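# Coordinate analysis (summary)
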Amino acid sequence: LSLHDALPISYLGMELVDGGSLEDLRPRFGDVPWALHRLRDIARGLAFLHERGVVHRDMKPANVLSSQAGAKITDFGIAQQDFGPDVSPVGPTMARLTATGALVGTLPYMAPELIDGSRHATAASDVFAFGLMAFEMLAGQPAFDVPPVLVARTGLPAPRALPPELDPELRRALTACLDVAPAARPSGSALAELLDRPARAPDR
């Protein structure tokens, strides 16, 4: 009889993703085909989460792992179940943080509505962060010069332009991700569907 047979042991098995995070791969930002492939996977992941009522609340390049097979969303440390605007997330510490209007997440990727506290985070807030990531990955530079949440009260400026070779409908959807009104942003599933489509000719 071995020690392992005698004692109850709990363990967690995790998939090995061998490519590092998107943050590690910033030199690839601006490579449109490479970016589109990974954005498709991220949109699919968001659609999966949001259909199950989960809000990630910290979407950023450092929390997406990339490999030859594609991209995977990670780090759900501050994720919450989206039960509605009046319900705090599970867990006493996180409940206290959001109840007091604290900002929880990563400042450059926060949606404008979070200026009043992370209790306002919804699936649309994740989509805004996705839009910021998409601009960086496709255009090679941020959509805005300052974090949007810092200028939420004075008005969000127009984002920088996306590459002209993108499908026009996809370009409009990615721009809509950065709309100051959460209801105007597309869903993760709508973005995944657009990113799944074959490339179309750009506007002339």
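Residues numbered from 1 in each chain as written. Predicted model: local features only at pLDDT ≥ 70, side-chain atom pairs only at ≥ 80, totals over all residues. Heavy atoms only, no water.

## What to know about the pattern of salt bridges
- One pass over the full model with this rule turns up 13 salt bridges.
- Notably, a salt bridge pairs Arg 26 with Glu 23, separated by 2.8 Å at the nearest N-O pair.
- Accessibility expressed as a relative area gives 29% for Arg 26, which makes it partly exposed.
- Its salt-bridge partner being Asp 116, residue Arg 153 comes within 2.8 Å of it at the nearest N-O pair. Placement of Arg 153 in the loop between helix H4 (123-139) and helix H5 (168-176) and of Asp 116 in the loop between helix H3 (92-99) and H4 is noted, with a sequence separation of 37 residues between them.
- Using a relative accessible area of 63% as the deciding quantity, one classes Arg 153 as exposed.
- Among the residues examined, Asp 116 registers a relative accessible area of 36% and is labelled partly exposed. (Salt bridge = Lys/Arg side-chain N within 4 Å of Asp/Glu carboxyl O. Buried < 20%, exposed > 50% of the residue type's maximum accessible area, 1.4 Å probe, protein only. Helix = DSSP H or I, 4+ residues; strand = E, 2+ residues; numbered from the N terminus.)

## A few points about the packing of aromatic side chains
- Applying the stated criterion across every chain, the model contains 1 aromatic pair.
- Ring geometry for Phe 29 and Trp 34: centres 6.3 Å apart, planes at 40°, overall tilted.
- Overall, Phe 29 belongs to the buried group, its relative accessible area being 11%.
- Exposure remark for Trp 34: the relative accessible area of 8% places this residue in the buried category.
- Stacked on the ring of Phe 48, the Lys or Arg Arg 52 has its end atom at 3.6 Å from the ring centre. (Phe/Tyr/Trp six-rings, centres within 6.5 Å; stacked < 30°, edge-to-face > 60°. Lys NZ or Arg CZ within 6 Å of the ring centre and 35° of its normal.)

## Thoughts on unusual backbone geometry
- The backbone of Arg 57 shows a phi angle near 75°, a positive value even though the residue is not glycine.
- At Asp 75, a position not held by glycine, the phi torsion is positive, near 60°.

## Some thoughts on the pairing of strand S3 (residues 70-73)
- Direction of pairing for strand S2 (residues 64-67) relative to S3: antiparallel, over a ladder of 4 bridges. The partner of Ser 67 across the bridge, within S3, is Gly 70.
- Between S2 and the antiparallel strand that follows it, S3, lie 2 residues. (Pairing = 2+ DSSP bridges.)

## Observations regarding the packing of helix H2 (residues 32-51) against H4
- Across the interface, H2 lies against H4 with an axial gap of 10 Å and an inter-helix angle of 175°. Classified by the angle their axes make, H2 and H4 are roughly antiparallel. Every residue of H4 that contacts H2 at Val 32, Trp 34, Ala 35, Leu 36, Arg 38, Leu 39, Ile 42, Ala 43, Leu 46 and His 50 is listed here: Ala 123, Asp 126, Val 127, Phe 130, Met 133, Ala 134, Met 137 and Leu 138.
- Residues that form the contact of H2 with H4 fall into these classes: 15 nonpolar, 1 polar and 2 charged. (Axes fitted to C-alpha atoms, helices over the stretch in contact; angles between N-to-C directions. Parallel < 35°, antiparallel > 145°, perpendicular 65-115°, else oblique. Contact = heavy atoms within 4.5 Å. Nonpolar A, V, L, I, M, F, W, Y, C, P; charged D, E, K, R; others polar.)

## Observations regarding the nonpolar core
- By size, the foremost hydrophobic cluster in this structure holds 45 residues, and its most contacted members are Ile 42, Phe 130, Leu 138 and Leu 174.
- Residue assignment for this core shows that the elements contributing at least two residues are H2, strand S1 (54-55), S3, H4, H5 and helix H6 (188-196).
- If one sorts the elements of this core by residue count, H4 sits on top with 10 residues. (Core = buried A, V, L, I, M, F, W, Y, C linked by side-chain atoms within 4.5 Å.)

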